[in-house]
Amino acid sequence: MKNKYLIIGNSAAAIGAIEAIRQKDKQGKIILVSDEPYPAYSRPLISYLLAGKVDEEKMFYRAQSFYGENEVEALLGEQVISVFPSEKKVKLRNGKRISYTQLLIATGGKSIVPEVKGGNLKGIFTFTTWDDAKKIKAFIDKNKVKKTTVIGGGLIGLKAAEALIELGMKVTIVELADRVLSATFDREASAIIEAALKEVDCRLIARNTVEDIRGKKGKVNSILLRDKKGLPADLIIFAIGVTPNMAVVKDSGIKINRGILVNSRMRTNLPRIYAAGDVAEAYDFLLHAHRPIPIWPNAYKQGSIAGYNMSGADREYRGSFAMNSVELCGVPTISVGITDPKQDGYEIIRESNPARKQYKKIVLKDNRIVGAIFINDIDRAGIITGLIKDEVEVSSFKDHLMREDFGLISLPKEYRKHLVTGAGIEV
């Protein structure tokens, strides 16, 4: 009997799973169900779509022929509302039931929207999907929006703000923490980005949040902050974070915590059911804990591991760590792993050139790199990330890490052989 693979979701984890399944199983039936109507697209590009820097054709993560070439029955614009593991079936919103022999839950994350008075007014949006970008642009065009407020100073909030600035908006960011990017940067790195925001006339209000949203004729026109100060706003974007989208597994018996719990094969506690991507709570090998890590490369890798195991291989997910590579206000940045440790036992190496908006920081523990920040000087970030991933002991070349000439040649010979092999290559 042929396997019948069912995948709920259509982002990086789903694509990774499909490609892995087809490596092992050319014949099994694959059905994909996604509540979004679009073929798989690159979510990190939605800020560029809103700003008009990319057109819709550039959004797609794979060619639109991907589903046909991989013999995938893609049910786009449909939604799974329940999973029935004992029956090996799922139920769609339209009432239809679909059976499976192997199931992957890759439903991603959903935006966190707090309960706020006035939250039902028109002009309030989130910013994680293609439709979010389309709705925001349509509202701006229809209502001639000029003043906008972004609630949240993390990566999503800053990319939303950047797109709005590109559209000629007057933008204010309201952030509950004392600075932007507090979850991924240290104070010095955050200060560089805050200076860049100021240069493009983006206002930052820190240590504050929205308490009340006020409107006129059913549309947003101002907000009241926690400190009781008012702020005019024709449009509001909530970007205070995402949480695993686990509604589909309610009452299914699938174990959850902050995300869907999985083992090193991306299996849940129930047989033949897997989870991957932003919805999964997988292993972070730097923190030695299971947690959701909502970033694109991890989602694809987890989906791939799940797909291989669903189709009969035995692949193990060794774990991952937080990693973000993003350009903000024209400043390229990379943050990896543990960037701002609060406990003892860590060693910090750093170099700063505020005039050139450059900053490099490497965090070590027991002579192994566990984190790094690179701002406006990112050329060697890939090497450092590799050293973190491979848990390389760096004491023999630690003094070289910040040098301008640091590169592959600085690494131990045995490790270079691990990285670079092939006929005619001398390492």
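Thresholds applied
Sequence order sets the numbering: in each chain, residues are counted from 1 along the sequence as written. Reporting in this predicted model follows two pLDDT cut-offs: at least 70 for local features of residues, and 80 or more for side-chain atom pairs to be given and counted; totals over whole chains, interfaces and linings ignore these cut-offs and use all residues. Side-chain numbers here rest on the full set of heavy atoms in the structure, without hydrogens or water. Only DSSP runs of H or I reaching four residues or more are called helices, and only runs of E reaching two or more are called strands; each is numbered from the N terminus. Contacts between residues were defined by any pair of non-hydrogen atoms, one from each residue, lying within 4.5 Å. Patch definition: residues above 30% relative accessible area lacking any salt bridge, with like charges linked at up to 9 Å and the nonpolar side chains Val, Leu, Ile, Met, Phe, Trp and Tyr linked at up to 5 Å. Using the Shrake-Rupley algorithm and a 1.4 Å probe, accessible areas are obtained, with residue cover drawn only from the displayed protein chains. A pairing counts as a salt bridge when a side-chain nitrogen of Lys or Arg comes within 4 Å of a carboxyl oxygen of Asp or Glu. Here Asp and Glu are counted as negative and Lys and Arg as positive; His is not counted, and neither are the chain ends. For the purpose of locating charges, the reference atoms are NZ of Lys, CZ of Arg, CG of Asp and CD of Glu. Any two strands with at least two DSSP bridges between them are considered paired. Lines fitted to C-alpha atoms define the axes, with helix axes restricted to the stretch in contact, and inter-axis angles between N-to-C directions lie between 0 and 180 degrees. Put simply, two rings from Phe, Tyr or Trp (the six-membered ring, in Trp's case) pair if the centres are within 6.5 Å, and we call them stacked under 30 degrees between planes, edge-to-face over 60, tilted for the rest. We call a residue buried when its accessible area falls under 20% of the maximum for its residue type, exposed when it is over 50%, and partly exposed in between, using a 1.4 Å probe and counting protein chains only. The rule for a charge over a ring is simple: NZ of Lys or CZ of Arg within 6 Å of the ring centre, and within 35 degrees of the ring normal. Remark: nonpolar core denotes a set of buried residues (Ala, Val, Leu, Ile, Met, Phe, Trp, Tyr, Cys) joined through side-chain atoms within 4.5 Å.

Draft legend 1. Examining the side chain of Thr385 more closely. By the element assignment, Thr385 lies in helix H8 (residues 381-389). Residues within four places of Thr385 in sequence aside, it is in contact with Phe321, Met323 and Val336.

Draft legend 2. Spatial organisation of a positive patch on the surface. Where like charges cluster on the molecular surface, the positive patch consists of Lys122, Lys142, Lys216, Lys217 and Lys219. Along the chain, Lys217 falls in the loop between strand E13 (210-216) and strand E14 (219-225).

Draft legend 3. Representation of the sheet that holds strand E5 (residues 89-92) within the structure. Taken together, three strands build an open sheet; the order of strands is E4-E5-E6 and the sheet is antiparallel. The open sheet has two free edges, formed respectively by strand E4 (80-84) and strand E6 (97-99), since each of these has just one partner strand. The mean angle between the axes of side-by-side strands here comes to 25 degrees, regardless of whether they run parallel or antiparallel. When E5 meets E6, the two strands line up antiparallel, connected through three bridges. Across the sheet, Lys89 pairs through a bridge with Ser99, a residue of E6.

Draft legend 4. How the structure looks around the packing of aromatic side chains. As enumerated under the stated definition, the model contains eight aromatic pairs in all. Here the aromatic rings of Phe66 and Tyr67 are separated by 5.5 Å at their centres, their planes lie at 85 degrees, and the arrangement is edge-to-face. By the burial criterion, Phe66 is buried, and Tyr67 matches it. Three or more aromatic residues joined by ring pairs form one cluster here, namely Tyr38, Tyr41, Phe60 and Trp130. The ring of Tyr61 has Arg62 lying over it, and the distance from NZ or CZ to the ring centre is 4.4 Å.

Draft legend 5. Structural detail: the environment of Ile205. Tracing the sequence through the fold places Ile205 in strand E12 (residues 203-206). Note: C-alpha distance between Ile205 and Thr172 (33 residues apart in sequence) is 7.3 Å. With residues up to four places along the chain from it excluded, the contact list for Ile205 reads Thr172, Ile173, Val174, Glu175, Leu225 and Leu231.

Draft legend 6. Structural context of the nonpolar core. Core analysis: the biggest nonpolar cluster contains 51 residues, and Val90, Leu103, Leu104, Ile105 and Met266 have the highest contact counts within it. Take this core: its biggest share by element is seven residues, from helix H1 (residues 12-24). Residues contacting Leu104, with those up to four places away along its chain left out, are Leu6, Ile7, Ile8, Ala13, Ala17, Tyr274, Ala275, Ala276, Ala306 and Met310. Phe139, Leu197, Leu235 and Ile375 belong to the second-largest nonpolar core, a separate cluster that totals 43 residues.

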